[in-house]
Amino acid sequence: MFFNKLKFYVKFFFHSKKKIKFDFNINTWVAEKTILDKKLTVAFRSFREIRRFDQLDKEKDFNDLVFRFLKSKFKFKNFYDIGASNGIYGFLANKLSNCNVIFVEPYTPSIETILKTIFLYRKSERTKFNVVQAGIDSKFSFSKFHFHGNPVPGETMNSFNDTSQYEHFDRSKVTAVSSQWGAGITLDQLVFDCKLPDPSVVKIDVDGFEFEAVKGMKKLLLKKKIEVLLIEINSYDKFNKI
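Residues numbered from 1 in each chain as written. Predicted model: local features only at pLDDT ≥ 70, side-chain atom pairs only at ≥ 80, totals over all residues. Heavy atoms only, no water.

Counted by the stated rule, this structure contains 19 aromatic pairs. Consider the rings of Phe8 and Tyr9, whose centres lie 5.8 Å apart with planes at 80°: the pair is edge-to-face. Aromatic pair Phe22 and Phe24: ring centres 4.9 Å apart, planes at 70°, arrangement edge-to-face. You can call Phe24 exposed: its relative accessible area is 71%. Ring pairs connect the aromatic residues Phe8, Tyr9, Phe12 and Phe47, which therefore count as one cluster. A cation sits over an aromatic face here: Lys219 above Phe192, 4.2 Å from the ring centre. (Phe/Tyr/Trp six-rings, centres within 6.5 Å; stacked < 30°, edge-to-face > 60°. Buried < 20%, exposed > 50% of the residue type's maximum accessible area, 1.4 Å probe, protein only. Lys NZ or Arg CZ within 6 Å of the ring centre and 35° of its normal.)

Set out below in structure tokens:
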């Protein structure tokens, strides 16, 4: 494992179209590469985060429907990145469409990575981003976020409130190594109560909690505010239910 990681870093570092450097302003390593003719620079704080960044445009190796949508160059104004992790989809959407991005993510280490990447932008560009540290839900709630993996940036083995809802591994049977109390909020509340921008495109990646997320956007759907809805679904049963 160690040598595979070392090989990856060496290959990335010496690639003619990729860069790795340490940014002392944010005390974090930064990766840079050109994707779809746009230079994208992101903070990374773990091997998982930089590996995911490197995979982003490798469709042959990674069947990524969200990336394929962004590649279509469909123009939109506001992109909601729900289950944002380290935010690479949102940052790429901003580069390609100059859109506003609303990141919704409960996991504190990932939120810090997003904030560090935003700092890399010029001050005038940072207003394009809103960061919401919360779980997405069908109603407002205050409950536990369960962390089933090591507390490192880029970890996605996390769950909010009801662990039995998650289908990417049965998390009700996976012992949480730590937890944190936090808010659950609906997309309707973010738009109609918090006055965040109307969503043009909504991307949802919440590992099985999709039905609760969709229930929390009924008003937006009825008002036909959303132009494109991208949802990662892990089973046909969940697809039919939604």
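Right, let's get into the sheet that holds strand S2 (residues 28-35). One open sheet holds the three strands; their spatial order is S1-S2-S3, and the pairing between them is antiparallel. Two strands lie at the open edges of the sheet, namely strand S1 (18-23) and strand S3 (38-44), each paired on one side alone. On average, adjacent strands in this sheet sit at an angle of 25° to one another, irrespective of strand direction. Helix H4 (residues 88-97) contacts S2 and S3 of the sheet and is inclined by roughly 155° relative to S3. (Pairing = 2+ DSSP bridges. Helix = DSSP H or I, 4+ residues; strand = E, 2+ residues; numbered from the N terminus. Axes fitted to C-alpha atoms, helices over the stretch in contact; angles between N-to-C directions. Contact = heavy atoms within 4.5 Å.)

Note on placement: Thr41 falls in strand S3. Of note is the side chain of Thr41, whose polar atom sits 3.4 Å from the side chain of Glu32. Excluding its chain neighbours within four sequence positions, the residues that come into contact with Thr41 are Val30, Ala31, Glu32, Thr117 and Leu120. (Polar contact = N/O pair within 3.5 Å; in protein donor to acceptor, adjacent residues only side chain to side chain.)

Counting across every chain of the model gives eleven salt bridges. With its nearest N and O atoms 2.8 Å apart, the salt bridge here joins Lys33 to Asp57. With Lys33 in strand S2 and Asp57 in the loop between helix H2 (47-55) and helix H3 (65-71), this residue pair connects regions lying 24 residues apart in the sequence. Look at Asp57 and you get partly exposed, because its relative accessible area is 29%. (Salt bridge = Lys/Arg side-chain N within 4 Å of Asp/Glu carboxyl O.)

Geometry only, nothing functional implied.
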